[in-house]
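# Chain and residue survey
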Amino acid sequence: MTQRALIIDDDNEIQTLGQLLLGRCGYTVTTASGLGELARQPALLDTDLILLDFDLGEFTGLHVIEYLDDLRLDAAILLVSGCGETTANEVVRFGRTSGLRMLGFLPKAALATRLVPLLRHLSWHKPPTADDLAAAMRQEHLFLAYQPQRELPSGRIIGVEALVRWRDPQQGLVSPDRFIPLAEQSQQIVELTWHVLERALAQRDRWLACGWSLEMAVNISPLLLKAPDAIAKFDRLIAPHAENLHGVTLELTESSGIDCFGYARHVLAALRERGCRLSLDDFGTGYSSMTQLYRLPFDELKLDRSFVSRCDHDRGARAITLATVDLGRRLGLEVVAEGIETWPQHDLLRDAGCHRGQGYLFARPMAAMEFDRWYRQQAALPLLTA
Ligand code: G
Ligand code: G
Ligand code: MN
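Below is a summary of the structure that appears in this document. (Residues numbered from 1 in each chain as written. Chains lettered and ligands numbered in written order. Predicted model: local features only at pLDDT ≥ 70, side-chain atom pairs only at ≥ 80, totals over all residues. Heavy atoms only, no water.)

## Considering the nonpolar core
Applied cut-off: Among buried residues, those of type Ala, Val, Leu, Ile, Met, Phe, Trp, Tyr and Cys that are joined through side-chain atoms within 4.5 Å constitute a nonpolar core. Burial classification: accessible surface area is computed with a 1.4 Å probe over protein chains only, and a residue below 20% of its type maximum counts as buried, one above 50% as exposed, and the rest as partly exposed. The helix count covers DSSP runs of H or I at least four residues long, the strand count covers runs of E at least two residues long, and both are numbered beginning at the N terminus. The contact definition used throughout considers only heavy atoms, calling two residues in contact when any of these lie within 4.5 Å.
Grouped together as the largest cluster of nonpolar side chains are 73 residues, with contacts concentrated most on Tyr-146, Leu-250 and Phe-371. No other element matches the nine residues that helix H8 (residues 189-209) contributes to this core. Apart from the residues lying within four places of it in its own chain, the contact partners of Phe-371 are Tyr-146, Pro-148, Val-160, Trp-207, Leu-214 and Met-366. Among the nonpolar cores identified, the runner-up in size contains 26 residues, and Ile-77, Ala-88, Leu-100 and Phe-105 belong to it.

## Describing the coordination of the manganese ion (ligand 3)
Put simply, the rule is: For Na, K and Ca the donor cutoff is 3.2 Å, while for all other metals N, O and S atoms must lie within 2.8 Å; water is not among the atoms, so some sites may look incomplete. Here the metal geometry follows the donor angles, with tetrahedral for four donors whose angles all fall between 85 and 135 degrees, square planar for four and octahedral for six when opposite donors are more than 155 degrees apart and every other angle is between 65 and 115, and irregular for all the rest.
Coordination of the manganese ion (ligand 3) by the protein is provided by Glu-161 (OE), Asn-219 (OD1), Glu-251 (OE) and Asp-281 (OD), with metal-donor distances spanning 2.1 to 2.3 Å. Of note is the manganese ion (ligand 3), whose six donor atoms meet at the metal with angles of 60 to 176° in an arrangement that counts as irregular. Of note, the manganese ion (ligand 3) draws all its donor residues from one chain, in the sequence arrangement E-x57-N-x31-E-x29-D. Residue Glu-161 is found in strand S9 (residues 157-168), and its partner Asn-219 is found in strand S11 (residues 215-220); the two are separated by 58 residues along the sequence. Classification of Glu-161 by relative accessible area gives buried; the value is 3%.

## So, the site of ligand 1
Operational definition: By convention in this text, a residue qualifies as near a molecule or strand provided that one of its non-hydrogen atoms is within 4 Å of it. For the purposes of these results, a polar contact is taken to be a pair of N or O atoms within 3.5 Å, where, inside protein, one atom must be able to donate a hydrogen and its partner to accept one; residues adjacent in sequence count only when each atom of the pair is a side-chain atom. Here, Shrake-Rupley sampling with a 1.4 Å probe gives the accessible areas, and only protein chains in the shown set may cover a residue. Polar here means any residue other than Ala, Val, Leu, Ile, Met, Phe, Trp, Tyr, Cys and Pro, which are nonpolar, and Asp, Glu, Lys and Arg, which are charged; Gly is therefore polar.
By nearness alone, every residue bordering ligand 1 is listed as Leu-163, Val-164, Arg-165, Pro-176, Asp-177, Ile-180, Ile-189, Val-196, Asn-219 and Thr-253. One of the side-chain nitrogen or oxygen atoms of Arg-165 is found 2.7 Å away from an oxygen atom of ligand 1. For ligand 1, the protein covers 81% of the area, taking 490 Å² as the surface of the free molecule. Tallied by class, the residues present in the shell around ligand 1 amount to six nonpolar, two polar and two charged.

## Things to note about the site of ligand 2
With respect to spatial proximity, 17 residues lie near ligand 2, and among them Asp-282, Arg-305, Glu-338, Glu-341 and Tyr-360 are the closest. One of the side-chain nitrogen or oxygen atoms of Gln-147 is found 3.0 Å away from a nitrogen atom of ligand 2. Here Asp-281 contributes a side-chain N or O atom positioned 3.0 Å from an oxygen atom of ligand 2. Elements supplying a minimum of two residues to the shell around ligand 2: S9 and strand S13 (277-283).

## Observations regarding the environment of Asp-372
Here Asp-372 lies in helix H16 (residues 368-380). The class of Asp-372 is partly exposed, set by a relative accessible area of 21%. Expressed as a C-alpha distance, the spacing of Asp-372 and Thr-129, which sit 243 residues apart in the sequence, is 33 Å. If we skip the residues at most four places from it in the chain, Asp-372 touches Trp-207 and Trp-212. Side-chain polar atoms of Asp-372 contact the side chain of Trp-207, separated by 2.9 Å.

## Some details on the pattern of salt bridges
The condition that has to hold: The salt bridge definition used is simple: a Lys or Arg side-chain nitrogen within 4 Å of an Asp or Glu carboxyl oxygen.
This model, assessed by the stated rule, comprises 22 salt bridges. The closest approach of N and O atoms between Arg-356 and Glu-215, which form a salt bridge, is 3.0 Å. Of this pair, Arg-356 sits in strand S16 (residues 356-358) while Glu-215 sits in strand S11, placing them 141 residues apart in sequence. Classification of Arg-356 as buried rests on a relative accessible area of 3%. In this structure, the salt-bridge partner of Arg-330 is Asp-326, at a minimum N-O distance of 2.9 Å. Linking Arg-330 with Asp-326, this pair stays in helix H14 (residues 315-330), spanning four residues, or about one helical turn. On the accessibility criterion, Arg-330 (68% relative accessible area) is exposed. Overall, Asp-326 belongs to the partly exposed group, its relative accessible area being 36%.

## A few points about the pairing of strand S7 (residues 101-107)
Looking down a regular strand, the side chains alternate between one sheet face and the other. The line we're drawing: At least two DSSP bridges between two strands are needed for those strands to be called paired. We call a crossover right-handed when, viewed with both strands directed away from the observer, the connection leading from the first strand over the helix to the second proceeds clockwise.
Buried residues dominate S7, accounting for five of its seven residues. Where strand S6 (residues 76-81) and S7 come together, six bridges link them in parallel fashion. The residue bridging Ile-77 from the neighbouring strand is Met-102, located in S7. Remark: the S6/helix H4 (residues 85-97)/S7 crossover connection has right-handed handedness.

## Regarding H14
Put simply, the rule reads: By this rule, a helix spans an expected 1.5 Å times one less than how many residues it contains. The arc under discussion is defined with respect to the helix axis, by the directions toward the C-beta atoms.
Compared with the 22 Å implied by 1.5 Å per residue over 16 residues, the 22 Å span of H14 between its first and last C-alpha is a close match. What H14 keeps buried is the set Ala-317, Thr-321, Thr-324, Val-325 and Gly-328. One side of H14 holds all its buried residues, which, seen down the axis, span an arc of 100°. In H14, the exposed positions that point more than 90 degrees away from the buried face belong to Arg-315 and Arg-330. Of the surrounding elements, those touching the buried residues of H14 are S13, strand S14 (300-303), helix H13 (305-308), strand S15 (334-338) and helix H15 (343-352). Positive backbone phi, at 75°, marks Gly-332, one or two positions downstream of H14.

Any functional reading would require information that these geometric values do not contain.
See the structure below:
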């Protein structure tokens with residue numbers, strides 16, 4: 001499949017040069033001169049790669065990044081600008097914190113010499129296909145990373161979230177942002193979820209056998225609820241672990257909407273009857289989260305990191321964070337904050353009554369062996385405090 005690229009720049013010379021260079025690498029190229037054009041024609045953003053300028057007349061690259069973040073865009077973004085390195089690094093960091101796939105920064109003056117070699121070296125150059133993903137599952141190229149969850153009032157580590165990773169022998173790590181949407185489009189998400197759940201439950205048993213009583217959260221896509229044999233398959237999978245299901249949380253991600261609440265409620269209630277907790281993930285973004293919260297049987301609400309990561313310096317994010325913690329408590333749900341990166345964020349959430357937190361402040365997601373080392377160290381250390 002041909003790759004598509006979009007150049008966002010109001011400088012005609014850069015547009016022309018970029019088109020030439022990208023064309024040489026096999027891209028189909030479109031151009032836009034700034035935020036207004038993107039807002040009027042969002043279809044332009046249906047692309048694999050974006051070259052983004054910082055100075056865009058009335059608007060800047062930061063405005064564009066905010067827009068791309070709101071759209072949860074999956075394209076790779078390369079900042080190509082004449083702005084200084086400090087500004088460029090800020091823009092790249094801002095994009096990454098928001099969860100965008102920022103490739104980095106290329107000064108405009110270096111475009112002619114460095115763009116083509118850069119593109120040739122980047123591993124994302126060939127996007128994975130459904131066949132690649134099927135082979136990766138078969139060949140055990142997927143593995144799980146575990147991100148600790150901390151009980152905020154006590155500071156204890158009480159569990160982990162399992163996050164799938166794909167290490168390809170040729171391409172290196174393939175980001176979940178690239179293959180989860182692929183899996184959802186190709187319906188492979190159902191098989192992938194069973195694959196992950198089976199391995200996460202086995203890992204939890206290994207920890208329990210060491211005397212580590214850690215809760216385990218696993219992500220499930222709403223598409224799984226529609227699989228024809230979902231409950232029977234779930235029963236087969238949990239049979240070896242049936243005694244230990246308390247402390248297993250299924251996080252329903254909002255990547256796609258739920259169209260039949262009656263049926264979804266039936267399946268979720270069956271999973272819950274088996275002893276699992278249910279969590280509504282990425283709360284506050286995506287599809288009709290209030291309706292989902294109201295109509296489906298959740299135990300936990302997981303506040304999206306786009307609010308958490310700004311709640312210490314942005315009034316709006318703070319208001320939404322505090323109101324969501326309050327909402328969760330009023331509904332009798334546990335509230336988890338994801339994406340805690342600073343102590344002020346931690347303190348605000350803890351003082352608001354948020355039950356648990358997860359984020360780079362405590363630890364990044366880690367493969368099992370690394371997690372084991374980290375957890376042993378934690379147990380040997382006095383509790384981290386603010
Ligand atoms: O670390 P992080 O980049 O892992 O994850 C990116 C996104 O991919 C997250 O929003 C997360 O919900 C999703 N994700 C990670 N692992 C899984 C999984 O096992 N199943 C599903 N459905 N989504 C996952
Ligand atoms: O499924 P969910 O959206 O909850 O997945 C959590 C996602 O958030 C994963 O992609 C994980 O790597 C990411 N993540 C976890 N903690 C942090 C954090 O502190 N900052 C940022 N930017 N991302 C985080
Ligand atoms: Mn999650």
